[in-house]
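Letter by letter, the chains look like this.
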Amino acid sequence: MFRGKTIRNACALGRPPALAGLGILLSLGSQTFAADLPIKAPVPYFANGYDWTGWYVGAHVGLIRGSSSWTSTPLGPAGPTLGGAFDLPLHFDFMGGTGSYVAGLQGGYNYVSPSRLMLGVEADVSLPNSDVVVPFSVSGNQTVASPAIGQVTYGESVISYGSVRARVGYAFDQLLVYGTGGFAWTYDQLSRSQDAAPAAGGIAAAGTIDMVRLWRLGWVAGIGVEIPIAGNWTGKAEFLETGFGRQSAFFATSADTFHSTLAMQSVRFGLNYRLDATNPAGELFTKGPSALETDRFAFHAQATFLNQATPAFRSPYLGTNSLNPSQGRETTDVTLYAGVRLWQGAEVWLNPEIDQGFGLSGSVGVAGFPSGEAYKVGASYPYTRLHRAFFRQTIDLGGEVQDVSAGFNQFSGKQTADRLVITVGKIGVPDIFDTNRYAHDPRGDFMNWSLVDTGTFDYAADAWGYSVGGAIEWYTGPWTIRGGVFDLSIAPNTTSLDSRFSQFQWIGEIERRYAIFGQPGKVALTGFLTRGGMGSFQDAIDLAAITGGPADITAVRRYQSRGGISINLEQQLIENVGFFARAGYADGHKEPYEFTDIDRTVAAGLSVSGKLWQRDDDVFGIAGVVNGISNVHQAFLNAGGLGILVGDGQLPHPGSEGILETYYSFPWFASRITLDYQLIINPAYNRDRGPASVFGVRVHTQY
């Protein structure tokens with residue numbers, strides 16, 4: 001999923017909860033803070049003797065490890081019994097985005113007696129990280145071998161887990177200390193891989209993989225501390241030990257009965273929001289919670305659900321990357337944004353996100369894909385990814401002092417018009433480059449990939465749209481000059497970034513702000529140069545002519561460069577009506593590396609506020625885009641080649657891909673509902689297919 005979201009704008013929708021750490025949590029415990037947000041009323045300072053009684057909801061992140069002991073009977077009950085043990089180890093790969101980390105939600109109730117004894121109950125669910133392609137990062141395995149069974153690998157992975165626990169503790173004035181215990185559950189996957197066949201006979205052939213998913217019930221116990229932060233917000237840290245007894249699974253292909261026990265240990269950090277008479281549960285659903293920001297710490301969150309469907313359309317043939325008619329798909333994501341202010345102008349932000357779902361046809365079939373909420377990889381189960389983890393330093397250089405509103409990945413405060421901004425870490429490149437006020441946020445405005453970002457802007461990213469690198473921005477008067485270098489994936493359009501940084505991308509941008517008849521606007525020119533292992537379309541076509549097979553771009557990849565340039569305009573026409581336009585060109589002789597299959601693009605549209613018809617919070621948008629590819633790119637697809645998103649197996653009648661999108665967005669309780677329609681002409685540049693209609697409904701909430 002590729003989403004353009006500006007991390008410095010409170011109106012933009014980036015993607016945490018706070019792996020702020022136990023040290024940060026405890027350092028907040030003895031201090032008092034007040035939130036200063038432009039919309040919500042300020043959160044008052046808490047007084048001595050914090051009242052812990054009441055219902056609460058919250059979120060957490062943490063680290064988890066485990067161990068499994070097992071036995072099996074691979075030759076049936078009459079055969080020998082095997083046994084062993086393996087760890088589900090603690091690990092973390094920043095470049096791959098994988099590790100033994102989790103994110104989740106919790107809720108419960110506390111009662112504090114006059115003696116300060118606290119009795120409570122809490123339920124929670126935790127969702128571990130996953131690579132999706134190689135799923136379930138909280139996992140382990142063990143390989144055994146003998147002449148009778150050959151070589152076999154047994155493994156276990158945690159898909160999700162949770163608990164229902166009692167909490168008993170003592171409430172000090174500004175500290176709650178508690179013990180906890182109760183029932184636990186987990187949803188796991190057990191696996192058996194026949195790596196090598198036995199010396200003679202055997203049921204399973206080499207290469208056979210059996211997988212069984214099952215629910216486990218067990219117990220959980222632990223200890224924790226919790227402190228007030230501001231208003232109804234509290235922070236907690238806890239350690240939990242979880243045990244699950246002997247569980248059996250039958251691997252049918254190999255007639256192997258497998259038994260295992262599982263133990264897990266986790267350390268978690270979380271935030272709770274207490275519901276009381278001044279913050280009742282009903283108000284939580286109608287207005288949302290009061291946002292949390294102190295002098296040194298901030299926390300925000302968002303959740304988005306998007307359902308899209310396309311009815312039947314003309315489809316005389318299908319290829320690997322074809323958009324299928326008559327289908328519907330949904331995606332859901334929950335993002336947590338946690339920030340720590342280190343010193344003047346210095347901030348660290350972490351954005352863990354829980355994702356689930358698929359784009360239409362698995363996010364293929366259209367170069368201008370209709371859902372910016374759909375990643376290039378999808379999963380039927382919810383999983384956690386750490387999409388952003390970055391440091392930002394703002395250095396004031398003088399000029400007019402400007403107010404900065406609190407928002408996603410942004411503290412409230414002051415900054416000067418002239419300034420230097422340095423960002424380093426894991427981010428989305430469109431957080432900084434190619435931004436646009438009216439079309440840049442698939443959670444709030446347009447949804448199509450080639451409208452929220454310039455279609456030819458082949459920015460560095462993994463399969464989720466994020467990269468590791470750094471950028472410098474120099475604001476001086478009406479000008480901004482930006483430059484950055486970012487890491488590419490190991491190979492085009494893959495999930496892991498190149499840990500050696502040998503494949504990378506340079507990006508530069510010049511922005512000019514202005515006003516026409518008092519109406520503000522800006523124009524930006526953006527260029528990129530990619531250096532990495534990529535294929536040339538003509539080389540793939542020539543090789544296919546020799547082999548007689550379809551054109552295979554992976555077989556002709558070599559280290560070379562690909563560049564592109566784009567222009568991005570935003571202009572307020574009158575109050576409450578905005579216009580945007582984008583145009584871009586990229587080298588059409590080589591394969592796009594990361595984003596999508598577009599060599600040239602032109603897009604334009606309008607955003608209209610409902611204030612014009614007395615619906616102040618409604619927004620109407622309409623836009624169109626025309627995407628194209630080079631002649632050699634067309635010939636490659638006609639030779640059976642596959643791009644990032646397109647490839648119908650043939651392309652006898654190529655044409656430009658045209659897309660019209662319109663949406664209407666309106667508030668609903670503490671959320672926004674968006675009704676969206678897209679008409680796609682010549683999907684994947686194929687005049688034999690379509691036109692295709694895509695209907696969408698988006699529900700989004702944030703605080």
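Here the structure is shown first, and the text comes after it.
Below is a short write-up of the structure. (Residues numbered from 1 in each chain as written. Predicted model: local features only at pLDDT ≥ 70, side-chain atom pairs only at ≥ 80, totals over all residues. Heavy atoms only, no water.)

### A closer look at the overall build of the protein chain
The secondary structure content of the protein chain amounts to five helices and 29 strands. Radius of gyration (C-alpha) of the protein chain: 27 Å, near the 27 Å computed for a compact globule of 703 residues. Principal-axis analysis of the C-alpha atoms places the extent of the protein chain at approximately 75 × 70 × 45 Å. When each of the 703 residues of the protein chain is scored for burial, the buried share is 58%. (Helix = DSSP H or I, 4+ residues; strand = E, 2+ residues; numbered from the N terminus. Rg over C-alpha atoms; globule rule 2.2 N^0.38 Å. Buried < 20%, exposed > 50% of the residue type's maximum accessible area, 1.4 Å probe, protein only.)

### Considerations on a nonpolar patch on the surface
A cluster of nonpolar side chains, Leu573, Ile574, Leu606, Leu612, Trp613, Phe620, Ile622 and Leu660, forms an exposed patch at the surface whose accessible area comes to about 640 Å². Sorting the residues of the nonpolar patch by element identifies β23 (558-574) and β26 (619-628) as the ones contributing at least two each. Within the secondary structure, Trp613 is located in the loop between β25 (600-609) and β26. (Patch = residues over 30% accessible without salt bridge, like charges linked within 9 Å, V, L, I, M, F, W, Y side chains within 5 Å. Areas by Shrake-Rupley, 256 points an atom, 1.4 Å probe, with all protein chains shown as cover. Salt bridge = Lys/Arg side-chain N within 4 Å of Asp/Glu carboxyl O.)

### Details of the pattern of salt bridges
Overall, the coordinates contain 34 salt bridges when judged by the stated rule. Residue Asp124 pairs with Arg268 through a salt bridge whose shortest N-O separation is 3.3 Å. On the criterion of sequence distance, the pair formed by Asp124 in strand β6 (residues 117-128) and Arg268 in strand β12 (residues 256-275) is long-range, its members being 144 residues apart. Measuring nitrogen to oxygen at the nearest pair gives 3.9 Å for the salt bridge that ties Asp462 to Arg385. Pair noted here: Asp462 is in the loop between α3 (449-452) and β19 (467-476) and Arg385 is in strand β17 (residues 379-404), with a separation of 77 residues, a long-range link. Both residues of the pair, Asp462 and Arg385, belong to the buried class. One connected set of salt bridges, linked through shared partners, spans Glu122, Asp124, Arg165, Arg167, Glu226, Lys236, Glu238 and Arg268.

### Digging into the packing of helix α4 (residues 537-547) against helix α5 (residues 631-638)
Where α4 meets α5, the closest approach of the two axes is 9 Å, and the angle between their N-to-C directions is 35 degrees. When you trace α4 past α5, the crossing you get is left-handed. Mapping the contact onto sequence places Phe537, Gln538, Ala540 and Ile541 in α4 and Val632, His633, Ala635 and Phe636 in α5. Of the residues assigned to the contact of α4 with α5, the class counts are six nonpolar, two polar and no charged. (Axes fitted to C-alpha atoms, helices over the stretch in contact; angles between N-to-C directions. Left-handed = near helix turned anticlockwise from the far one by under 90°. Contact = heavy atoms within 4.5 Å. Nonpolar A, V, L, I, M, F, W, Y, C, P; charged D, E, K, R; others polar.)

### Structural notes on the pairing of strand β22 (residues 519-534)
Where a strand is regular, its side chains alternate between the two sheet faces. Note: strand β21 (residues 504-516) against β22, 13 bridges, orientation antiparallel. Bridge assignment links Ile507 to a residue of β22, and that residue is Phe528. Linking two consecutive strands that pair antiparallel, namely β21 and β22, is a turn of two residues; a positive phi of about 50 degrees is found at Phe517 within it. As paired elements, β22 and β23 share 14 bridges and run antiparallel to each other. (Pairing = 2+ DSSP bridges.)

### What to know about the packing of aromatic side chains
Taken as a whole, this structure holds 34 aromatic pairs when the rule is applied. Measuring from ring centre to ring centre gives 4.9 Å for Trp55 and Tyr109, while their planes differ by 55 degrees; the resulting arrangement is tilted. Remark: Tyr109 occurs in strand β5 (residues 101-112) and Trp55 occurs in strand β1 (residues 54-73); sequence separation between them is 54 residues. One aromatic cluster in this structure is built from Phe369, Trp449, Phe457, Tyr459, Phe528 and Phe595. The side chain of Arg419 reaches across the aromatic face of Tyr475, ending 3.8 Å from its centre. (Phe/Tyr/Trp six-rings, centres within 6.5 Å; stacked < 30°, edge-to-face > 60°. Lys NZ or Arg CZ within 6 Å of the ring centre and 35° of its normal.)

### Here's the deal with the pairing of strand β10 (residues 209-230)
Taken together, the 18 bridges between strand β9 (residues 176-196) and β10 define a ladder with antiparallel strand orientation. In the sheet register, Gly182 faces β10, and the bridge partner there is Val220. For β10 and strand β11 (residues 233-251), the ladder comprises twelve bridges, and the chain directions are antiparallel. Within the sheet, the bridge partner assigned to Glu226 lies in β11 and is Lys236. Connecting β10 to the antiparallel partner β11 that follows it, the hairpin turn spans two residues, and Gly231 within it adopts a positive phi of roughly 55 degrees.

### Examining α5
Working note: α-helix, 3.6 residues per turn, so residues spaced by three or four point in the same direction. Every buried residue of α5 is accounted for by Val632, His633, Gln634, Phe636 and Leu637. Looking at the buried residues of α5, the elements they touch are α4. After α5 finishes, the residue Gly640 shows a positive phi value of roughly 90 degrees.

### Here we look at the nonpolar core
Judged by nonpolar contacts, the single largest core of 63 residues is most densely connected at Phe433, Phe446, Phe486 and Phe636. At the level of elements, α3, β22, α4, β24 (577-586), β26, α5, β27 (657-668) and β29 (692-702) are the ones that each hand at least two residues to this core. In terms of residue count, the dominant contributor to this core is α4 (four residues). When near neighbours in sequence (up to four residues on either side) are disregarded, Phe636 contacts Phe537, Ala540, Ile541, Ala551, Ile553, Gly641 and Leu642. If you look at the next biggest cluster of nonpolar residues, it comprises 24 residues, including Phe86, Val158, Tyr161 and Leu190. (Core = buried A, V, L, I, M, F, W, Y, C linked by side-chain atoms within 4.5 Å.)

### Some thoughts on the environment of Leu88
Looking at the element boundaries, Leu88 is found in strand β2 (residues 82-88). Considering only alpha carbons, one finds Leu88 and Gly140, 52 residues apart in sequence, at a separation of 4.4 Å. When residues no more than four places from it in sequence are discounted, the contact partners of Leu88 are Arg65, Gly66, Ser67, Ser68, Val138, Ser139, Gly140, Glu156, Val158 and Leu262.

### A look at α4
Residues of α4 that are buried include every one of Phe537, Ala540, Ile541 and Ala544, and no others. Angularly, the buried residues of α4 cover 100 degrees about the axis, an arc narrow enough to put them on a single face. Among the exposed residues of α4, those pointing more than 90 degrees away from its buried face are Ala545 and Ile546. Where α4 is buried, its residues contact α5. Count one or two residues on from α4 and you reach Gly548, which has phi positive near 80 degrees. (Arc of directions from axis to C-beta.)

### Observations regarding unusual backbone geometry
Residue Gly690 is joined to Pro691 through a cis peptide bond whose omega torsion reads 0 degrees. Examined against the element boundaries, Pro691 turns out to sit in the loop between β28 (671-681) and β29. For Phe136, which is not glycine, the phi torsion reads 65 degrees and is therefore positive. Tracing the backbone through its elements, the reader meets Phe136 in the loop between β6 and β7 (139-146). A residue is classified by how much of its surface remains accessible, and Phe136, at 4% relative accessible area, is buried. Of note, Ser363 is a non-glycine position whose phi angle comes to about 65 degrees, a positive value.

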